[in-house]
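Spelled out from the first residue to the last, the chains are:
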Amino acid sequence: GTDTINLGGTFGMVLVQLSQGDTGSTVASADTVNGFDAALDKIDLRNFGFDLGLQGVMAAGGPLDGTANEFGGNAAAVAAVGGNAAVYVDANGDDRLSDGDLVIVLNGVLAANVTGADVIWF
């Protein structure tokens, strides 16, 4: 956790096969990604093996705080935090932000631009 990843180039980049524990479970302990282009780049969540019904990204109204059902039954959620997109991954399947989940901050990316199309599910 708390790493900074710098992406660059004009071709699509992939944050490769993230696994549980690769980044923190809060915004403060999250990895930060600079240079992510929501139109080209991808976040690889294949290691989690999310069922087809969970393969979506919930557009959250604000930062997640551990409230029940805040992922809306999806494997991921995205919210604006400090002008950046915070991507939350419900790694333990409890439909709320908790220990063991992942958070990735996409620096300079609007939360509204991050969707399920930005994720590699399988």
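In what follows, the accompanying structure is described. (Residues numbered from 1 in each chain as written. Predicted model: local features only at pLDDT ≥ 70, side-chain atom pairs only at ≥ 80, totals over all residues. Heavy atoms only, no water.)

1. Some words on the sheet that holds strand E6 (residues 76–81)
Then step 1. Pairing in this open sheet of six strands is mixed, and the strands run E1-E3-E8-E7-E6-E5 from one edge to the other. The open sheet is flanked by strand E1 (4–6) and strand E5 (57–59), the only strands paired with a single partner. Adjacent strand axes in the sheet meet at a mean angle of 25 degrees when their direction is disregarded.
Then step 2. Strand direction decides the pairing type here: strand E7 (residues 84–89) and strand E8 (residues 102–107), joined by five bridges, are antiparallel. Considered in E8, the bridge of Ala85 is made with Leu106. (Pairing = 2+ DSSP bridges. Helix = DSSP H or I, 4+ residues; strand = E, 2+ residues; numbered from the N terminus. Axes fitted to C-alpha atoms, helices over the stretch in contact; angles between N-to-C directions.)

2. Some words on the pairing of E8
Then step 1. Extensive coverage of E8 is indicated by the burial of five of its six residues.
Then step 2. In terms of strand pairing, strand E3 (residues 31–34) meets E8 through four bridges, oriented parallel. Residue pairing in the sheet places Asn34 in a bridge with Asn107 of E8. (Buried < 20%, exposed > 50% of the residue type's maximum accessible area, 1.4 Å probe, protein only.)

3. Considerations on the nonpolar core
Soluble globular proteins tend to bury their nonpolar side chains together.
Then step 1. Formed by 24 residues in total, the largest nonpolar core has its most connected members in Phe36, Leu45, Leu106 and Trp121.
Then step 2. Of all the elements in the fold, those that place two or more residues in this core are E6, E7 and E8.
Then step 3. Leaving out residues up to four positions away in the same chain, Phe36 has contacts with Leu7, Asp41, Lys42, Ile43, Leu106 and Val109.
Then step 4. If you look at the next biggest cluster of nonpolar residues, it comprises 10 residues, including Phe71, Tyr88, Val103 and Val105. (Core = buried A, V, L, I, M, F, W, Y, C linked by side-chain atoms within 4.5 Å. Contact = heavy atoms within 4.5 Å.)

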